[in-house]
Amino acid sequence: MQRIRVKTALASDAPMDFIRIQGWVRTRRDSKGFSFLEINDGSCLKNIQVIIDQDTPAFADLKDIQTGASIEVSGALMESPGKGQRWEIKARDLKLFGAADPESYPLQKKRHSDEFLRTTAHLRARTNKYGALFRIRSESAFSVHQYFRDKGFIYLNSPIITGSDCEGAGELFRVTTLPVNLPHTESKTDIFQDDFFGKEAGLTVSGQLEAELFACALGNVYTFGPTFRAENSNTPRHAAEFWMIEPEMAFADLSDNMDLAEDLVKHMTRHVVEQCSEDLELFARFVDKDLMKHVEMVLNSTYERIPYAEAIDILKKSGKFFEFPVDFGVDLQTEHERYLCETHFQKPVIVYDYPKAIKAFYMRLNDDNDTVAAMDLLVPRVGELVGGSQREERYDVLKRRILESGMDPADYWWYLDIRRYGTVYHSGFGLGFERFLMMVTGVTNIRDIIPFPRTPKHLEF
RNA sequence: UCCCCGGUAGCUCAAUCGGCAGAGCGGGUGGCUGUUAACCACUAGGUUCGAGGUUCAAGUCCUCGCCGGGGAGCCA
């Protein structure tokens, strides 16, 4: 007989003469003559309570069944006479698969700190909080695919290994099969001629450039995959390996781009609220008391859209002291972003039309010749959730911008080529998947959002 | 990478002015006929992150190192 998942059992509308569940013991309570077990199998936040009477065969097998043990319970699903749960299992037989020595099993029947659980990442998904979190992560990923499929976007698997070494989005991890003890006598170019690809290779920092190529063929596309940045940044919002969602649309301008970003964020948030209400409730109760207020705000507000120049104006007139002075031409600091969305507008804000000097070469130059059609979506407490732009579709302008950025147009011949043949105005953005999850759960450290986070000096598990 | 804070029992923390290293939870043992963060009693458990220094005396003060957290930069 197939096991029944705890989620299904708890949703039953009638008692069952026979039921078999398999999972891990969360807690055991003994009284004289009987014991209670609570079993969790990861299917939902709730445990199912099992009662074992001393006159059943199961009672004799209780000995090594303690917190953390993996077991199978066979018995009857009955209405629980106790308070706190509708259903419980009256056990007939117990089968122990693997015991968990209570002296050394790291997870106790008590709250653990996130810092401690990070050192126990191979087991932390067995806790209420992390189980809930990773179910929400899974549902959120599904909602991305659902959203784009419904909108007629094509899912593109952009390459993980890249040969373009300066996409302008951060430091690359090098990919090589060369021996580590290579003598340093040869020049750099010579070395990579002998490497696997015959040229310097790295892990992708963005799928955007490839997504643009496909958008200019299939119309609307998106990527959703891992992204790697070799930056030595040590903050609760950065990881060396994270997941990014990058839609790219042909025949779309910056305004269309903002519409899509706002709509996508709302869709994903709504999906989590509707499909993960029980798991989300845990975060609203224990992680962030104001969570639902913020989620409502993300769902129901119209996001403010202001040009960069206006943002600077607001900040200057705010009368607030900033550690980093505000001035046109200077990029917004974290404190500025927070003031805009947390204090001034108190809702998500899209800042657009940034000075070209502080943005990437591929962003479309505006008619003022001074700003580019870039946009950042800022949300309270998380900061920049989305960064995107209308792309420069004019061959000559793009080539000039590449040169001005100190790069070699020859390295981007294919990127320039789609501007030579049937070029089209187009737009796209990147949405940090983990940052979305931080926003929707209230978890403040990205290392607690990723199953096995990779950060500087951390590559365990 | 820079700045700030921290590291004491398995976990979370306390230890006043430098003066006998403690509590709660968790673990073990026993009890308890419907528990649910079970309850009650008893009990074990320490290189106070490491190395050096000051002192009659260091968890506490000083130096260096390691690790962790927060802030900044960069960005998703």
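Analysis parameters
Residues numbered from 1 in each chain as written. Chains lettered and ligands numbered in written order. Predicted model: local features only at pLDDT ≥ 70, side-chain atom pairs only at ≥ 80, totals over all residues. Heavy atoms only, no water. Axes fitted to C-alpha atoms, helices over the stretch in contact; angles between N-to-C directions. Helix = DSSP H or I, 4+ residues; strand = E, 2+ residues; numbered from the N terminus. Parallel < 35°, antiparallel > 145°, perpendicular 65-115°, else oblique. Contact = heavy atoms within 4.5 Å. Nonpolar A, V, L, I, M, F, W, Y, C, P; charged D, E, K, R; others polar. Salt bridge = Lys/Arg side-chain N within 4 Å of Asp/Glu carboxyl O. Buried < 20%, exposed > 50% of the residue type's maximum accessible area, 1.4 Å probe, protein only. Pairing = 2+ DSSP bridges. Phe/Tyr/Trp six-rings, centres within 6.5 Å; stacked < 30°, edge-to-face > 60°. Lys NZ or Arg CZ within 6 Å of the ring centre and 35° of its normal. Near = heavy atom within 4 Å. Polar contact = N/O pair within 3.5 Å; in protein donor to acceptor, adjacent residues only side chain to side chain. Domains from an automatic or database assignment. Buried area = accessible area lost by both parts, 1.4 Å probe.

**Description of the packing of helix H9 (residues 291-300) against helix H14 (residues 433-441)**
Angle between the axes and distance between the axes are the two parameters that describe a pair of packed helices.
Next up, step 1: Two elements in contact, H9 and H14, have axes separated by 8 Å at closest approach and are oriented at 125 degrees. Between H9 and H14, the angle falls in the class oblique. Every residue of H14 that contacts H9 at Leu291, Val295 and Val298 is listed here: Met439, Val440 and Thr441.
Next up, step 2: Split into classes, the residues belonging to the contact of H9 with H14 amount to five nonpolar, one polar and no charged.

**A look at the pattern of salt bridges**
Next up, step 1: Counted under the stated rule, the structure contains 30 salt bridges.
Next up, step 2: Here arginine 118 ties to aspartate 448 by a salt bridge, and the two come within 2.8 Å at their closest N and O atoms. With a gap of 330 residues between them, arginine 118 in helix H3 (residues 114-118) and aspartate 448 in the segment after H14 connect regions that are remote in the sequence.
Next up, step 3: Look at aspartate 448 and you get buried, because its relative accessible area is 2%.
Next up, step 4: By sharing partners, the salt bridges in this structure join Glu212, Glu248, Arg391 and Arg419 into a single network.

**Some thoughts on the sheet that holds strand E7 (residues 161-162)**
Next up, step 1: The strand order across the open sheet formed by three strands is E7-E9-E8, and the pairing between neighbours is antiparallel. Two strands in the sheet have a free side with no partner beyond their single neighbour: E7 and strand E8 (174-175).
Next up, step 2: Relative to strand E9 (residues 201-203), E7 runs antiparallel, the two being bridged by two bridges. The residue bridging threonine 162 from the neighbouring strand is glycine 202, located in E9.

**Regarding the packing of aromatic side chains**
Next up, step 1: A full pass over the atoms with the stated rule returns 18 aromatic pairs.
Next up, step 2: Aromatic side chains phenylalanine 148 and tyrosine 222 sit 4.3 Å apart centroid to centroid with 20 degrees between the ring planes, which places their arrangement in the stacked category. In this pair, phenylalanine 148 sits in helix H4 (residues 128-150) while tyrosine 222 sits in strand E10 (residues 220-228), placing the two residues 74 residues apart along the sequence. Residue phenylalanine 148 shares its accessibility class with tyrosine 222, and that shared class is buried.
Next up, step 3: Ring geometry for tryptophan 414 versus tyrosine 415: centroids 6.2 Å apart, planes at 75 degrees, classification edge-to-face.
Next up, step 4: The class for tyrosine 415 is buried, based on a relative accessible area of 0%.
Next up, step 5: The rings of Tyr147, Phe148, Phe153, Tyr155 and Tyr222 are connected pair by pair, giving a single aromatic cluster.
Next up, step 6: A cation over an aromatic ring shows up here: lysine 266 above the ring of tyrosine 303, its NZ or CZ 4.8 Å from the ring centre.
Next up, step 7: Sitting over the ring of tyrosine 354, lysine 359 keeps its end group 4.3 Å from the ring centre.

**Some remarks on the protein's contact with RNA strand B**
Next up, step 1: Taken together, 52 residues sit near RNA strand B, with Lys83, Glu88, Thr235, Gln333 and His458 positioned nearest.
Next up, step 2: By atom count, sugar and phosphate contribute 53% of the portion of RNA strand B lying within 4 Å of the protein.
Next up, step 3: A distance of 2.8 Å separates a base nitrogen of RNA strand B from a polar side-chain atom of glutamine 108.
Next up, step 4: Here serine 113 contributes a side-chain N or O atom positioned 2.8 Å from a phosphate oxygen of RNA strand B.
Next up, step 5: Of all the secondary structure elements, the ones that give two or more residues to the surface near RNA strand B are strand E1 (16-31), strand E2 (34-40), strand E3 (48-53), H3, strand E11 (241-250) and strand E15 (383-390).

**Description of the side chain of asparagine 40**
Next up, step 1: By the secondary structure assignment, asparagine 40 is in strand E2.
Next up, step 2: Within the structure, asparagine 40 has its side chain in polar contact with the backbone nitrogen of glycine 42 (distance 2.8 Å).
Next up, step 3: Among residues more than four places away in sequence, those in contact with asparagine 40 are Gly23, Trp24, Arg26, Leu45, Lys46 and Asn47.

**A few points about the side chain of serine 43**
Next up, step 1: Assignment of secondary structure puts serine 43 in the loop between E2 and E3.
Next up, step 2: A distance of 3.0 Å separates the side chain of serine 43 from the backbone nitrogen of lysine 7, its partner in a polar contact.
Next up, step 3: Side chain to side chain, serine 43 and aspartate 41 meet in a polar contact 2.6 Å long.
Next up, step 4: Non-local contacts of serine 43, meaning those with residues more than four positions away in its chain, are made with Arg5, Val6, Lys7 and Arg135.

**Here we look at the domain arrangement of chain A**
In many reports, interface size means the accessible area that the parts give up when they come together.
Next up, step 1: Examined at the domain level, chain A breaks down into domain 1 (2-105) and domain 2 (124-170 + 205-448).
Next up, step 2: The straight-line distance from the C-alpha centre of domain 1 to that of domain 2 is 45 Å.
Next up, step 3: Facing the nine residues of domain 1 at the interface are eight residues of domain 2.
Next up, step 4: Taken together, the two surfaces of domain 1 and domain 2 that pack against each other cover about 720 Å², and 39% of this comes from carbon and sulfur.
Next up, step 5: The interface formed by domain 1 and domain 2 contains one salt bridge.
Next up, step 6: For glutamate 278, the salt bridge identified is with lysine 46, shortest N-O distance 2.7 Å.
Next up, step 7: The tally of links between domain 1 and domain 2 comes to five residue pairs in polar contact (both at pLDDT 80 or more).

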